[in-house]
Amino acid sequence: ASMRRDMTAAIERKECCTTMLSMADRYKEGDYPFFGSYHIRWMVMLILAGSMEDAVDALQGTEFLCWYYRAMGSKVGRNCCLFGLAFEYDLLSIGDYSSIGWECDTTCHTVENMVIKLAPTRLDAYTSMLPHSMVSPGASMGRGAVLLENSQVLKGELVPPDECWAGLPATSFGLASDLLAEGVDAAVGPVDEDETEADEAKDGNASIVEVPGDLRAEAPSAPDAPAKLGPAALEECAIVALPGAAGSPRFLVEWLRNGSLCLWSLGEDAGQPGTAAADGTAGPLSLRGHLRIRQSREVDLNGGRGMWAQFLSSAVSGNPGGVVLRNIATGLHIGIDDHGRLAAYREAQTVLVEQVGGPRCVAL
């Protein structure tokens, strides 16, 4: 109580900065038990840092925030774009041309069994953390590494150079340079609410949405045109089928800004021959939920656009019609079991993908 009164008086006398400088010490790697002298000083600094929260928020995304990080003890390289949260600045190292996205966490402490554990966090040059991601204390990202949205690198882990990681916990799914070569947009910025995990709160059957008649699809291409297979079939707004799956499910392909894709389940008549209207356009499409893998490893078609319904696709060597679909949230792969049902597997599974409607087959 006495310390609180003294701090309040100091702030009222506009001596907050002097108080911080007089009590500050460099953050050092180590374990510090609760109620010790270090714990008390750490808590005081945490409270005083909170008084500057509004000012720091106003600097996010500007060069001034880089100056602030350096003034507080961080090693920050040239031309960095910083958002997110940091606290133990002495233990944070950020290389040249790195970007830390909106609401990312780069704090360098954990609290375990009433012990404060401090460990350094290192981001090498050209690394990118997309919004809402976290690099835990003691972890590091190599040169050119990318961490996708809503992902966490665990304590002590190293993201190798030029690799792209995603998931909870994050694991590798390929080289970042390969994704960029395929045109993946890895820009840092706020994520739309439709792309957050909040959409996964709903359970049960998703509601069916009828596309109005004035937004009907363009007629499919000539029936004798060769169908696109594999990765080539996964074009934006194309309708694809998964041969071999029971019920012949069809999906509308939807690409998100983080480079992942969602497969929007369609009605059984979607993309089928004979459903065209008299004016040559296809009839209304029934849009249902997204294909997803739940935490229980169950696969259903009731997802929103959250991580459980986001997949990373990769080609299969020697099989032009095959695709590997890896879920961002669980790290599991979509496959087809012996009964023709869509199922989740730990090992990579090859799924045949065929385009049954061109990328302009529907306007939303």
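Residues take numbers from 1 onward in each chain, read along the sequence in its written order. Residues qualify for local features only when their pLDDT is at least 70, as the model is predicted, and side-chain atom pairs are given and counted only at 80 or more; totals for whole chains, interfaces and linings, by contrast, use all residues. Only hydrogens and water are removed before side-chain values are computed, so all heavy atoms of the structure are retained for them.

Some details on the overall build of the protein
So, step 1. Labels follow the DSSP assignment, with helices taken as runs of H or I lasting at least four residues and strands as runs of E lasting at least two, numbered in each case from the N terminus. A tally of helices and strands in the protein yields 6 helices and 28 strands.
So, step 2. We call a residue buried when its accessible area falls under 20% of the maximum for its residue type, exposed when it is over 50%, and partly exposed in between, using a 1.4 Å probe and counting protein chains only. The 364 residues of the protein split such that 46% are buried.
So, step 3. Long-range pairs, those at least 24 residues apart, make up 48% of the contacts in the protein with a sequence separation of at least 6.
So, step 4. Only the protein chains shown count as cover for residues, with accessible areas throughout obtained via the Shrake-Rupley method and a probe of 1.4 Å. Surface summary for the protein: the accessible area is close to 18,200 Å², and the carbon and sulfur share equals 54%. Here a residue-residue contact requires only that any non-hydrogen atoms of the pair lie within 4.5 Å.

Looking at the pairing of strand β6 (residues 109-112)
So, step 1. In the sheet, β6 pairs with strand β7 (residues 115-118) via 4 bridges, with the strands oriented antiparallel. Paired with Glu-112 across the bridge in β7 is Val-115.
So, step 2. The pairing criterion for strands is at least two bridges between them, as found by DSSP. Hairpin connection of β6 to β7: 2 residues between the antiparallel strands, including Asn-113 at a positive phi of 50°.

Comments concerning the packing of aromatic side chains
The description of an aromatic ring pair rests on the distance of the ring centres and on the angle between the ring planes.
So, step 1. A pair of Phe, Tyr and Trp rings is counted when the ring centres sit within 6.5 Å of each other, with Trp represented by its six-membered ring. The angle between the planes then sorts it: under 30 degrees is stacked, over 60 is edge-to-face, the rest tilted. Scanning all chains against the criterion turns up 9 aromatic pairs.
So, step 2. Look at Phe-64 and Trp-67: their rings are 5.1 Å apart centre to centre, the planes differ by 85°, and that puts the pair in the edge-to-face class. Of this pair, Phe-64 and Trp-67 both sit in helix α5 (residues 63-71), 3 residues apart, roughly one helical turn.
So, step 3. Overall, Phe-64 belongs to the partly exposed group, its relative accessible area being 47%.
So, step 4. Ring centres 5.2 Å apart and planes at 70° place the aromatic pair Tyr-69 and Tyr-89 in the edge-to-face group. Remark: Tyr-89 occurs in the loop between β3 (81-82) and β4 (92-94) and Tyr-69 occurs in helix α5; sequence separation between them is 20 residues.
So, step 5. For Tyr-69, a relative accessible area of 2% corresponds to the buried category.
So, step 6. Pairwise contacts between aromatic rings join Tyr-27, Trp-42 and Phe-87 into one cluster.

Observations regarding the sheet that holds β7
So, step 1. Strand order in the open sheet made by the 3 strands is β1-β7-β6, with antiparallel pairing throughout. Every other strand in the sheet has two partners, leaving β1 (30-33) and β6 as the edge strands with one partner each. For this sheet, the mean inter-axis angle between neighbouring strands, taken without regard to orientation, is 25°.
So, step 2. Sitting on the sheet, helix α3 (residues 37-50) touches β1, β6 and β7, and the angle it makes with β7 is about 70°. Angles run from 0 to 180 degrees between N-to-C directions of axes, and those axes are lines fitted to C-alpha atoms, restricted for helices to the stretch in contact.

Regarding the nonpolar core
So, step 1. Ranked by size, the top nonpolar core spans 35 residues in total, and within it Tyr-27, Tyr-69, Leu-82, Ile-94, Leu-118 and Met-141 carry the most contacts.
So, step 2. For this core, the secondary structure elements donating two or more residues are α3, α5, β4 and β7.
So, step 3. In terms of residue count, α5 provides more of this core than any other element does, 4 residues in total.
So, step 4. Definition of nonpolar core: a set of buried residues of the types Ala, Val, Leu, Ile, Met, Phe, Trp, Tyr and Cys, connected through side-chain atoms within 4.5 Å. Counting residues in each nonpolar core, the second largest holds 20 residues, with Val-240, Leu-291, Ile-293 and Val-353 among its members.

A look at the state of the cysteines
So, step 1. Two cysteine sulfur atoms form a disulfide, by the criterion used here, when they sit within 2.5 Å. According to the stated counting rule, one finds 0 disulfides in the structure shown.
So, step 2. Cys-66 takes part in no disulfide bond, and the closest cysteine sulfur to it belongs to Cys-80, at a distance of 5.4 Å.
So, step 3. For Cys-66, a relative accessible area of 0% gives the class buried.

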